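If you want the building blocks of each chain, they are given just below.
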Amino acid sequence: MAFDIGTPVNTALLIYILYSIQRIIFPSSSVPKAVPHEFKNGYTWMPKGHPPTLLFQTYTPKTLAPFNGEDGKRILLAIKGIVYDVTAGRNFYGPNGMYANFAGRDASRGMAKQSFDESMLTPIDQPLDKLDDLTPEEIENMKGWMEHFSSKYIVCGKLVENDAV
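Residues numbered from 1 in each chain as written. Predicted model: local features only at pLDDT ≥ 70, side-chain atom pairs only at ≥ 80, totals over all residues. Heavy atoms only, no water.

Novice: Break down the overall build of the protein for me, citing the residues and quoting the values.
Specialist: Each helix and strand counted, the protein has five helices and four strands in total. Within the span of the protein, comprising 165 residues, buried residues form 29% of the whole. Contacts spanning at least 24 positions in sequence make up 63% of the contacts within the protein whose residues lie at least 6 apart. If you sum the accessible surface of the protein, you get close to 11700 Å²; carbon and sulfur atoms cover 60% of it. (Helix = DSSP H or I, 4+ residues; strand = E, 2+ residues; numbered from the N terminus. Buried < 20%, exposed > 50% of the residue type's maximum accessible area, 1.4 Å probe, protein only. Contact = heavy atoms within 4.5 Å. Areas by Shrake-Rupley, 256 points an atom, 1.4 Å probe, with all protein chains shown as cover.)

Novice: Give me the lowdown on the sheet that holds strand β4 (residues 154–159), citing residues and values where you can.
Specialist: In spatial order, the strands read β1-β4-β3-β2; together these four strands make up an open sheet with mixed pairing. Because the sheet does not close on itself, it has two edges, and the strands there are β1 (57–59) and β2 (76–79). Each adjacent strand pair in this sheet contributes to an overall mean axis angle of 40 degrees, direction not counted. Here β2 pairs with strand β3 (residues 82–85) via four bridges, running antiparallel. (Pairing = 2+ DSSP bridges. Axes fitted to C-alpha atoms, helices over the stretch in contact; angles between N-to-C directions.)

Novice: Any details on empty space enclosed by the protein? Residues and values, ideally.
Specialist: All chains considered together, the criterion is met by one cavity of 30 Å³ or more. In this model, the largest cavity occupies a volume close to 80 Å³. By residue class, the composition of the lining of the largest cavity is seven nonpolar, three polar and two charged. (1 Å grid on protein atoms, 1.4 Å probe; cavity = no way out; pocket = protein on both sides within 12 Å on 5 of 7 lines; lining within 4 Å. Points joined across faces, edges and corners; volume = space filled by probe spheres on them. Nonpolar A, V, L, I, M, F, W, Y, C, P; charged D, E, K, R; others polar.)

Dropping the structure here:
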């Protein structure tokens, strides 16, 4: 079967191939007449804003307490000595949120027992809860919450006794 330039399909393909080769060999050197409107104010790959920088810190129950989300501040909570920045979950952990009582506190016992009662929280002027009386199921439940928080939120510190700092 030979190439027949007389058929319309072959003629169209030959013209397209020649046009494509011409565009490759002799590219257009004309400059656009107008700047695209997306770039009128300049272009930057930087985001409009950055989240605040977090430093890994050592917290005590007393120094953790102010981070309860009031007045738009950051929201931190601790589980088994690990402090998480849960500010991104302000609807849950901020004021009037479902888990607001855990904000700025050690939430270990409450998370282990799946309870939001104030009685699950150790007062900030007392030693940290040793969690010795938790059942194996409650400990596994607490570990599940720790995995959830570690994958979703930023670990920003550790919680130690009030007199340890």
